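Spelled out from the first residue to the last, the chains are:
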Amino acid sequence: ESDDEEGLKRIKREYTLAEIRYWLLSKKYKEICPKEDTVIILYFYASKDCEKCEAQGAILTSLKELFGNKLFIFSLDAIFTQEPMINILTESFNINSTPSVIINNIPIREFTKKEELKEVICSQYKIKPDSC
């Protein structure tokens, strides 16, 4: 491997770990502050050989724009095995295909249309945002 490839993997690993830390902090914050009415999504995609991952990502981006700071989305490359935490998370959530989405703790292990995702997201709010 070239120095560039090695550097890129190191940056991707650091970014992945930062995403995981932020996801864990968000979950903890939600436990500590139950009045905080947010929905947390963990999105597993594959950086290679995943036809629908880009489309799923675009749908999640548009949902983030719709719900704003009431929705947190954390994206993880499910095939980035250089980071052991990816394997731990994919095993613990039983992720064996991409795209897969975990909404709060509800797993959706296939490409899902915007309206269906929106419905699940809305079902998770205590007080329904205007977007619902």
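Because the structure is predicted, anything quoted here is derived from the model rather than measured. (Residues numbered from 1 in each chain as written. Predicted model: local features only at pLDDT ≥ 70, side-chain atom pairs only at ≥ 80, totals over all residues. Heavy atoms only, no water.)

A look at helix α4 (residues 114-123)
Of all the residues in α4, the buried ones are Leu117, Lys118, Ile121 and Cys122. Down the axis of α4, the buried side of the element spans an arc of 135 degrees, and every buried residue falls inside it. Residues of α4 that are buried in the fold lie against β1 (39-45), α2 (53-67), β2 (71-77), β3 (100-103) and β4 (106-108). (Buried < 20%, exposed > 50% of the residue type's maximum accessible area, 1.4 Å probe, protein only. Helix = DSSP H or I, 4+ residues; strand = E, 2+ residues; numbered from the N terminus. Arc of directions from axis to C-beta. Contact = heavy atoms within 4.5 Å.)

Quick look at a negative patch on the surface
Judged by side-chain charge, Asp3, Asp4, Glu5 and Glu6 come together as a negatively charged surface patch. Inspection of the secondary structure assignment puts Asp4 in helix α1 (residues 3-32). (Patch = residues over 30% accessible without salt bridge, like charges linked within 9 Å, V, L, I, M, F, W, Y side chains within 5 Å. Areas by Shrake-Rupley, 256 points an atom, 1.4 Å probe, with all protein chains shown as cover. Salt bridge = Lys/Arg side-chain N within 4 Å of Asp/Glu carboxyl O. Lys, Arg positive; Asp, Glu negative; His and termini not counted. Charge placed at Lys NZ, Arg CZ, Asp CG, Glu CD.)

Focus on the nonpolar core
Judged by nonpolar contacts, the single largest core of 18 residues is most densely connected at Ile41, Leu71, Ile103 and Ile121. Of all the secondary structure elements, the ones that give two or more residues to this core are β1, α2, β3 and α4. Beyond its immediate sequence surroundings of up to four residues, Leu71 is in contact with Val39, Ile41, Leu63, Lys64, Ile121 and Tyr125. In this structure, Ile20, Ala78, Phe93 and Ile95 belong to the second largest nonpolar core, which totals 13 residues. (Core = buried A, V, L, I, M, F, W, Y, C linked by side-chain atoms within 4.5 Å.)

Topic: the state of the cysteines
Taken as a whole and judged by the stated rule, the model has two disulfides. In this model Cys50 forms its disulfide with Cys53; the gap between the sulfur atoms is 1.8 Å. Every disulfide takes its handedness from the sign of the S-S torsion; for Cys50 and Cys53 that torsion is 80 degrees, giving right-handed. By the burial criterion, Cys50 is buried, and Cys53 matches it. Here Cys122 pairs with Cys132 through a disulfide, and the sulfurs are 2.0 Å apart. Negative torsions about the S-S bond denote left-handed disulfides, and the value of about -95 degrees found for Cys122 with Cys132 makes this one left-handed. Here Cys122 is found in helix α4, whereas its partner Cys132 is found in the segment after α4, with ten residues between them in sequence. Take Cys122: its relative accessible area is 10%, and that puts it in the buried class. (Disulfide = S-S within 2.5 Å.)

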